[in-house]
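A structural walkthrough
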Amino acid sequence: MVVCISNIGYEVSLEPRKLYEVLPDPDAAKHGQLRVVDESGEDYVYPQSHFAAIVLPQAVRKAVLAAD
């Protein structure tokens, strides 16, 4: 999980201070990007600098992912 710390250039797709699920994408990582599931419900790549990684307890992580 990551928290959005900046949505500059992506105001419609990302909300600051919101948690986002990260999907593995080694190619994106090589270019300083993360693949996240954004406000559209789809996964896209965004600059890694727009996010900060966070570690949630397993029970909280499950609850967050199930809260759709």
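The following refers to the structure shown. (Residues numbered from 1 in each chain as written. Predicted model: local features only at pLDDT ≥ 70, side-chain atom pairs only at ≥ 80, totals over all residues. Heavy atoms only, no water.)

Helix and strand counts for the chain stand at 2 helices and 6 strands. Over its C-alpha trace the chain gives a radius of gyration of 12 Å, about what one expects of a compact globule, namely 11 Å for 68 residues. In the chain, which comprises 68 residues, the proportion classed as buried is 25%. Counting contacts in the chain only where the partners sit at least 6 residues apart, residues at least 24 apart contribute 40% of the total. Carbon and sulfur atoms make up 56% of the accessible area of the chain, which totals about 4,600 Å². With 6 positive and 10 negative side-chain charges, the chain shows a spacing of 7 Å between the two charge centroids. (Helix = DSSP H or I, 4+ residues; strand = E, 2+ residues; numbered from the N terminus. Rg over C-alpha atoms; globule rule 2.2 N^0.38 Å. Buried < 20%, exposed > 50% of the residue type's maximum accessible area, 1.4 Å probe, protein only. Contact = heavy atoms within 4.5 Å. Areas by Shrake-Rupley, 256 points an atom, 1.4 Å probe, with all protein chains shown as cover. Lys, Arg positive; Asp, Glu negative; His and termini not counted. Charge placed at Lys NZ, Arg CZ, Asp CG, Glu CD.)

Taken together, the 3 strands give an open sheet; going across it, the order is 2-1-6, and neighbouring strands pair in antiparallel fashion. Here the strands that pair on one side only, and so sit at the sheet edges, are strand 2 (19-20) and strand 6 (51-53). (Pairing = 2+ DSSP bridges.)

Moving on, we come to the nonpolar core. Counting 8 residues, the largest nonpolar core is built from V2, C4, L14, Y20, L34, V36, Y46 and F51. If we ignore the near neighbours within four places in the chain, the residues touching L14 are C4, S6, N7, Y20, V36, D38, E39, Y46, H50 and F51. (Core = buried A, V, L, I, M, F, W, Y, C linked by side-chain atoms within 4.5 Å.)

On to the pairing of strand 5 (residues 43-47). As paired elements, strand 4 (residues 33-37) and strand 5 share 5 bridges and run antiparallel to each other. When the bridges of strand 5 are listed, Q33 appears paired with P47. Counting the residues in the hairpin turn of strand 4 and strand 5 gives 5 residues, including G41, whose phi is positive at 90°.

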